[in-house]
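Architecture at a glance
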Amino acid sequence: MTYSTTDHESTAAPVEPHRVLVLNSGSSSVKYQLLDMRDRSRLASGLVERIGEETSRLAHTPLTGGGAEPRERTGRIADHDAALKAAAEELAADGLGLDSPELAAIGHRVVHGGLRFSAPTVITDEVLKEIERLVPVAPLHNPANITGIRTAQALRPDLPQVAVFDTAFHTTMPEAAARYAIDVETADAHRIRRYGFHGTSHAYVSRRTAELLGRAPEEVNVIVLHLGNGASASAVAGGRCVETSMGLTPLEGLVMGTRSGDIDPAVTFHLKRVAGMSTDEIDVLLNKKSGLVGLCGDNDMREIRRRIDEGDERAALAFDIYIHRLKKYIGAYTAVLGRVDAVAFTAGVGENAAPVREAAIAGLEELGMAVDASLNAVRSGEPRLISPEYARVAVAVVPTDEELEIAEQTFALVGRGDAPGPVRIDN
């Protein structure tokens, strides 16, 4: 796909599209990044938040060239359509308008792709209908993703729009890992199974970890620990996910900032019968009032560590529960993989909280894992090893880059003449 530099100058050299705009549309926010895929550099990024409120805010940051300064605008931004148009205006002000012939595609983060989508997919009417069909299993995320897609399509109807699914990386899980032990007919009728999330991060980090070790992804078994406000673990064997901690929804698995993670399902029945709580109230409790915030009132690991240093027992217990769950998953995934070459910490907590990394690996020497205190204390934005040379299993800190992963998958897809449509995996 090429465009001429002007509509009237036929002798002008053709422009090969090389930019990708990445959009992450949430229920009340839109994040965006514009990348130049020739060198993977970021040209601009931004966030529109509190969409629909009087206190809406757009923060735009030009990242390379031109010397432009970060800018903000405040005041009501009515909806996602207005948000994307405002973002487009900011990009245009930097000479990076969405009408540029250098723009190759728009890549969209879509949280739930079910079983049908196991790869990045050019968005067609059929694809959009399938994403809509998945709304019941992702009611908080997919509707916002759909809104962002439709708005972007209206702005550039001629441009390829690509969906990159959080769940796609986990579609390689075997049925033994993906199935819940409930009635098969009921499960299939209602799409109840383990899908997993944070897939773009797990894909990126597992591959970057192999690079850090100087090996091909196909040769390496990695346990990836994506630890942010939302947290998930995955077992990646030779570049393919074989197990992950999140399930039908992002609620399952590790202790998170506000989510409980693993819990006896009967707790929900008990709360309904004994406490008289409604289904919606239980949903809010487990998703927004549990995890670290439920245990100690804080979901910021920096604040929790500060409180621990001051002798706060409630914060200390919350930290211990968080670490205990992490250790359980590291041990379980070691058993699943059989051989572990590396454990990789990533995301906000994983990349920045040295005490979490130290505590999670402490006592796992018999599994070949150890952390070097001096290496662990180093703060850096680069991938790095924090394990001593004698350790059988490498322990690494690998900063995630979900936007770059989405851009790379998008660009690889639209740059091929044989770009595939949706990938179907039969239930």
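If you check an unreviewed UniProt entry, the protein chain appears there as Acetate kinase from Streptomyces durocortorensis. If you open the UniProt record of the protein chain and go to Pathway (unreviewed entry), you find "Metabolic intermediate biosynthesis; acetyl-CoA biosynthesis; acetyl-CoA from acetate: step 1/2."

Time to look at the overall build of the protein chain. Check the secondary structure of the protein chain and you find 15 helices and 16 strands. Considered along the principal axes of its C-alpha atoms, the protein chain spans approximately 70 × 55 × 45 Å. Within the protein chain, the fraction of its 427 residues that count as buried is 48%. For the protein chain, long-range pairs separated by at least 24 residues make up 62% of all intrachain contacts whose partners lie at least 6 apart in sequence. A total accessible area of about 19500 Å² is found for the protein chain, and carbon and sulfur atoms account for 52% of it. In the protein chain, the 45 positive side-chain charges and the 60 negative ones have mean positions that sit 3 Å from each other.

What links the strands of a sheet is backbone hydrogen bonding, and the strands pair in either a parallel or an antiparallel sense. If you walk across this open sheet you meet the 8 strands as S7-S6-S5-S4-S3-S8-S10-S9, and the pairing is mixed. The strands lining the two open edges of the sheet, one partner per strand, are strand S7 (71–74) and strand S9 (121–122). The pairing of S9 with strand S10 (residues 161–165) spans 2 bridges and is antiparallel. Of the residues in S10, the one forming a bridge with Thr121 is Ala163. Helix H15 (residues 402–414) rests against strand S3 (19–25), strand S4 (29–36), strand S5 (41–49), strand S8 (103–110), S9 and S10 of the sheet, and its axis sits at about 125° to S8.

Now for the UniProt feature "binding site: Mg(2+)" (unreviewed entry) in the protein chain. Per the UniProt record, the feature "binding site: Mg(2+)" (unreviewed entry) sits at Asn24 and Glu402. A maximum C-alpha distance of 10.3 Å places the annotated residues, which cover 379 residues in sequence, within one compact spot. Structurally, Asn24 can be placed in strand S3. Relative to the elements of secondary structure, Glu402 occurs in helix H15. Leave out the neighbours within four places in its chain, and Glu402 touches Thr200, Ser201 and His226.

Moving on, we come to the confidence of the model for the protein chain. Per-residue pLDDT for the protein chain has a mean of 91; in total, 93% of the residues score no lower than 70. Long-range and interchain partners of residues 1–11, a stretch whose pLDDT sits below 50, account for 19 contacts in this model, where long-range means more than four residues apart. When the criterion is pLDDT under 50, residues 417–427 qualifies, and its contacts beyond four places in sequence or with other chains add up to 21 contacts.

What follows concerns the pairing of strand S13 (residues 240–244). A regular strand carries its side chains on alternate faces of the sheet. Sheet topology note: the strand S12 (residues 231–237)/S13 ladder contains 4 bridges and is antiparallel. Paired with Val236 across the bridge in S13 is Cys241. Between S12 and S13, which pair antiparallel and follow one another directly, the connecting turn spans 2 residues, one of which, Gly238, has a positive phi of 60°.

For helix H1 (residues 80–93), spanning 14 residues, the distance from its first C-alpha to its last is 20 Å, which sits close to the expected 20 Å at 1.5 Å a residue. Here H1 has its buried residues at His80, Ala83, Leu84, Ala86, Ala87, Ala88, Glu90 and Leu91. On the buried face of H1, the contacting elements are S3, S4, S5, strand S6 (57–62), S7 and helix H3 (142–155). Where H1 begins, one side-chain oxygen reaches toward the backbone nitrogen of Asp81, 3.3 Å away; that side chain belongs to Asp79. Immediately beyond the C-terminal end of H1, within one or two residues, lies Gly95, with a positive phi of roughly 75°.

So, about the packing of aromatic side chains. The final tally for this structure, using the stated rule, is 2 aromatic pairs. Here Phe117 and Phe165 contribute two aromatic rings whose centre-to-centre distance is 4.6 Å and whose plane-to-plane angle is 5°, an arrangement assigned as stacked. Taken together, the positions of Phe117 in the loop between S8 and S9 and Phe165 in strand S10 put the pair 48 residues apart, joining distant regions of the chain. Relative accessible area serves as the criterion here: at 0%, Phe117 is assigned to the buried category. Consider the rings of Tyr329 and Tyr333, whose centres lie 5.6 Å apart with planes at 85°: the pair is edge-to-face.

On to the side chain of Arg307, then. As for its position among the elements, Arg307 is in helix H10 (residues 301–309). Among the residues examined, Arg307 registers a relative accessible area of 12% and is labelled buried. In contact with Arg307, not counting residues within four places along its chain, are Cys296, Gly297, Asp298, Asp312, Arg314 and Ala315.

Right, let's get into the environment of Ala237. Relative to the helices and strands, Ala237 resides in strand S12. Taking the C-alpha atoms as reference, Ala237 lies 9.4 Å from Ser206; in sequence the two are 31 residues apart. Not counting residues up to four positions away in its chain, the partners in contact with Ala237 are Val220, Asn221, Val242 and Leu337.

Rules used in this analysis
- Residues numbered from 1 in each chain as written.
- Predicted model: local features only at pLDDT ≥ 70, side-chain atom pairs only at ≥ 80, totals over all residues.
- Heavy atoms only, no water.
- UniProt positions renumbered as here; feature names shortened; annotations may be inferred.
- Helix = DSSP H or I, 4+ residues; strand = E, 2+ residues; numbered from the N terminus.
- Buried < 20%, exposed > 50% of the residue type's maximum accessible area, 1.4 Å probe, protein only.
- Contact = heavy atoms within 4.5 Å.
- Areas by Shrake-Rupley, 256 points an atom, 1.4 Å probe, with all protein chains shown as cover.
- Lys, Arg positive; Asp, Glu negative; His and termini not counted.
- Charge placed at Lys NZ, Arg CZ, Asp CG, Glu CD.
- Pairing = 2+ DSSP bridges.
- Axes fitted to C-alpha atoms, helices over the stretch in contact; angles between N-to-C directions.
- pLDDT = per-residue confidence, 0-100.
- Expected span 1.5 Å × (residues − 1).
- Polar contact = N/O pair within 3.5 Å; in protein donor to acceptor, adjacent residues only side chain to side chain.
- Phe/Tyr/Trp six-rings, centres within 6.5 Å; stacked < 30°, edge-to-face > 60°.

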